[in-house]
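Listed below, chain by chain, are the residues.
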Amino acid sequence: MIPLINIKETQPYIYMVSISHKLLCHIKVLVAQNKSILFYFNLLTCTSPSVVVNLQCPTTQICVSKCPERFLTYMEIQFKYKNDSKYWTYYSQFCRTTFLKPVETLSQVLLDNDCPSAIYPSKPFLQRCFPDFSTKNGTITVGNKTVFDDGSGKTRNAAELRIAANGINKALDARAIGVKVFEDYATTWYWILIGLTIAMLLSWMFVMLLRFTAGLLFWIFTFGVIGIIAYGIWRCYLEYSRLQEHPGSQLNVYTIGIQTDISMYFRLKQTWFALMVILCLLELFIILMLIFLRDRIRISIALLKEGSKAIGYIPSTLIYPAITFFFLSVCISYWVVVALYLATSGAPVYKVIAPQGQCEHENKTCDPVGFNTTEIAKACPGAQCHFAFYGGKSLYHQYITTFQLLNLFVFLWLINFVIALGQCALAGAFASYYWALKKPDDIPPYPLFTAFGRAIRYHTGSLAFGSLILAIIQMFRLILEYMDKRLQKAQSNISKFLKCCLRCCFWCLEKAVKFLNRNAYVMMAIYGKNFCKSARDAFNLLMRNILKIAVMDRVTDFVLILGKILVAGCIGVLAFLLFTERLPVIIEGPTSLNYYWVPLLTVIVGSYIIAHGFFSVYAMCIETIFICFLEDLERNDGSAERPYYMSQSLMKIMNKRNVDTKKQ
């Protein structure tokens with residue numbers, strides 16, 4: 001329900017409602033008069049860009065029973081009324097209020113928005129009065145006229161009116177699209193929920209099956225890459241051999257020079273030879289890496305399988321992303337409420353806005369009550385007093401911007417704290433799995449709940465400190481981005497270079513701090529030390545095993561990215577077949593969708609987000625088990641006093657054994 005603008009209190013209650021894709025006029029008091037067509041006072045104002053943004057033409061609109069059929073201006077009516085009152089009777093049906101005769105001046109009518117300054121021949125279209133356009137000898141006309149008087153003394157042409165009508169059409173199209181999208185969601189919402197539920201099941205199955213398929217997936221991908229590069233080498237060799245026998249094979253890069261057409265370079269044998277050499281070097285590098293890092297790759301795959309087992313023994317960890325989402329929603333709501341309170345904590349300030357921007361009083365403060373009777377309204381016909389912002393001159397209002405920045409900083413701090421709390425709780429749960437000597441018998445009951453309680457009770461200060469460091473870095477990045485946008489036009493080449501360097505440095509610093517914090521929370525969950533000591537121990541441990549970390553991160557990233565793409569892709573294919581009605585034999589999906597890609601994209605994006613939530617838990621599991629594995633190797637030796645806690649598969653890869661195993 002969208003109220004019409006500029007309607008007096010004396011006017012009957014008029015509004016528009018949406019019925020069966022059409023926006024119709026509805027008049028509670030004058031229903032019997034059948035005024036169901038919307039009429040615009042000044043259609044020429046609809047050329048403003050705000051028409052598309054606000055989906056509303058910034059002019060007075062009323063409901064009428066029929067559209068105008070002739071050219072008439074208010075000033076013409078004032079003269080013709082003296083000879084024949086029928087002219088005013090016809091013209092007054094397009095006025096907002098009822099007058100016995102046109103006694104008001106044109107300026108007063110424009111100020112009060114009582115009547116249009118002019119009417120044009122129009123026809124109803126989509127329950128609105130649109131100009132009656134036609135073409136005469138290739139020229140656009142309105143009512144067989146190419147030019148006309150707009151009622152204010154200016155001569156306008158039909159092309160200007162056509163542009164204004166197109167502006168309304170864009171607004172109508174935007175509204176129509178919005179209604180159709182809403183209808184598609186209303187038709188397919190339960191199918192979307194079913195798709196997201198299937199995505200949850202697929203994500204869970206993928207994580208559970210990784211204990212069997214992690215190695216297979218990695219080696220299929222690796223040999224696939226090797227095969228693709230080998231095909232590229234063979235293709236480059238064929239092209240090089242073909243061009244070698246070509247008459248123009250002696251051409252080189254220096255001969256043709258710099259060309260804008262890139263395809264010219266692919267006609268040179270030098271290009272294909274260079275590509276073949278590059279691909280050969282890349283192929284050799286990958287093969288050598290696989291040969292020399294084969295043991296570390298085996299360890300990484302074994303840890304991936306161990307992570308799948310850990311989640312299988314502690315399935316409650318897969319629910320934790322929902323808890324994190326709830327806490328994040330609370331933080332975001334708090335930030336929005338405080339930001340809105342600060343933004344509106346003041347007296348409303350109104351500014352003068354002129355229609356053409358030609359007024360000496362423009363942007364001056366004004367009082368909307370009785371504005372039409374002030375000297376400003378008389379000096380600037382058509383000027384309006386609009387709300388600008390909330391403000392004041394007290395000491396409090398002078399520091400509103402500072403309070404907003406402080407609120408933003410607290411928001412970043414809370415968001416990072418919630419994420420850190422989740423990482424520490426998950427790390428504690430998975431660490432309790434790893435340090436259980438007999439799995440799963442020695443795993444403590446309710447490990448996730450216990451780890452969450454420990455994190456809240458003993459590590460709140462450490463989590464807050466780690467989050468504070470990250471929030472400070474993110475705040476500096478936001479300030480840097482804000483200054484870049486404000487000073488973009490006044491930057492020299494040196495300042496742009498320094499800006500890029502700063503942005504790169506802060507981005508790298510944020511990534512490094514996030515990585516270090518995450519590992520510090522793992523050490524904190526294992527030993528219960530404070531943040532600084534845990535960060536130091538984690539950093540030293542990682543530096544002593546830098547090569548293992550590099551291999552482990554790459555293998556884990558590949559598996560997680562492949563899992564997300566696999567889940568979102570499978571659900572996307574099923575949704576595409578369902579929403580395009582290509583599975584009528586198996587299942588009958590929704591019919592007559594306006595835009596099938598709307599629910600399709602919703603399902604794909606939602607599936608990816610769900611998979612990301614599941615795999616974020618898995619990534620934290622792998623990182624925790626990896627840190628525990630490195631600690632296990634360094635502090636234990638397999639004796640009865642210091643047995644290894646790693647699984648039998650890891651012991652076999654590392655060629656380690658416990659004393660009890662040897663005796664057996």
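Residues numbered from 1 in each chain as written. Predicted model: local features only at pLDDT ≥ 70, side-chain atom pairs only at ≥ 80, totals over all residues. Heavy atoms only, no water.

(A) Focus on the UniProt feature "transmembrane region" (unreviewed entry) in the protein chain. Sites flagged by UniProt as "transmembrane region" (unreviewed entry) map to residues 189-210, 216-234, 272-293, 318-343, 405-436, 456-480, 558-580 and 600-630. A helix fraction of 100% and a strand fraction of 0% characterise residues 189-210, whose end C-alpha atoms lie 32 Å from each other. Between the C-alpha atoms that bound residues 272-293 there is a distance of 31 Å. The span itself is 95% helix and 0% strand. (UniProt positions renumbered as here; feature names shortened; annotations may be inferred. Helix = DSSP H or I, 4+ residues; strand = E, 2+ residues; numbered from the N terminus.)

(B) Broad picture of the packing of aromatic side chains. For the structure shown, the criterion picks out 26 aromatic pairs. With a centroid separation of 6.3 Å and 25° between ring planes, the pair formed by Trp-88 and Tyr-91 is classed as stacked. A residue pair is termed a helical-turn pair when its members lie 3 or 4 positions apart in one helix, as Trp-88 and Tyr-91 do in helix α3 (residues 86-92) at three residues. Side by side, Trp-88 and Tyr-91 carry an identical accessibility label, which is buried. Geometry around Tyr-90 places Arg-70 over its ring, the cationic atom sitting 4.2 Å from the centre. For the cation-ring pair, Lys-439 lies above Tyr-434, with the distance from its terminal atom to the ring centre recorded as 5.5 Å. (Phe/Tyr/Trp six-rings, centres within 6.5 Å; stacked < 30°, edge-to-face > 60°. Buried < 20%, exposed > 50% of the residue type's maximum accessible area, 1.4 Å probe, protein only. Lys NZ or Arg CZ within 6 Å of the ring centre and 35° of its normal.)

(C) Broad picture of the pairing of strand β4 (residues 37-40). Along β4, one buried face is formed by Ile-37 and Phe-39 and the opposite face, lined by Leu-38 and Tyr-40, is buried too. As defined by bridge partners, β4 adjoins strand β5 (residues 61-64) across four bridges and the pair is classed as antiparallel. Looking at the pairing, Phe-39 lines up with Ile-62 of β5. (Pairing = 2+ DSSP bridges.)

(D) Inspection of the side chain of Asn-636 at higher detail. For Asn-636, the location among the structural elements is in the loop between α18 (597-635) and α19 (648-654). Looking at Asn-636, its side chain comes within polar contact range of the main-chain oxygen of Pro-643, at 3.3 Å. If we skip the residues at most four places from it in the chain, Asn-636 touches Trp-435, Glu-631, Arg-642, Pro-643, Tyr-644 and Tyr-645. (Polar contact = N/O pair within 3.5 Å; in protein donor to acceptor, adjacent residues only side chain to side chain. Contact = heavy atoms within 4.5 Å.)

(E) Expanded view of the pattern of salt bridges. Throughout the structure, instances matching the rule amount to eleven salt bridges. Between Arg-235 and Glu-239 there is a salt bridge; the shortest N-O distance is 3.5 Å. You can see Arg-235 and its partner Glu-239 sitting in helix α5 (residues 158-244), four residues apart, about one turn around the helix. Using a relative accessible area of 12% as the deciding quantity, one classes Glu-239 as buried. Note that Arg-503 and Glu-481 form a salt bridge whose closest N and O atoms lie 3.0 Å from each other. Here Arg-503, found in helix α15 (residues 493-527), pairs with Glu-481, found in helix α14 (residues 460-486); they are 22 residues apart in sequence, far enough to count as distant. In this structure Glu-481 comes out as partly exposed when scored by relative accessible area, which is 25%. A cluster of three or more residues bridged by salt bridges with shared partners is formed by Arg-235, Glu-239 and Arg-242. (Salt bridge = Lys/Arg side-chain N within 4 Å of Asp/Glu carboxyl O.)

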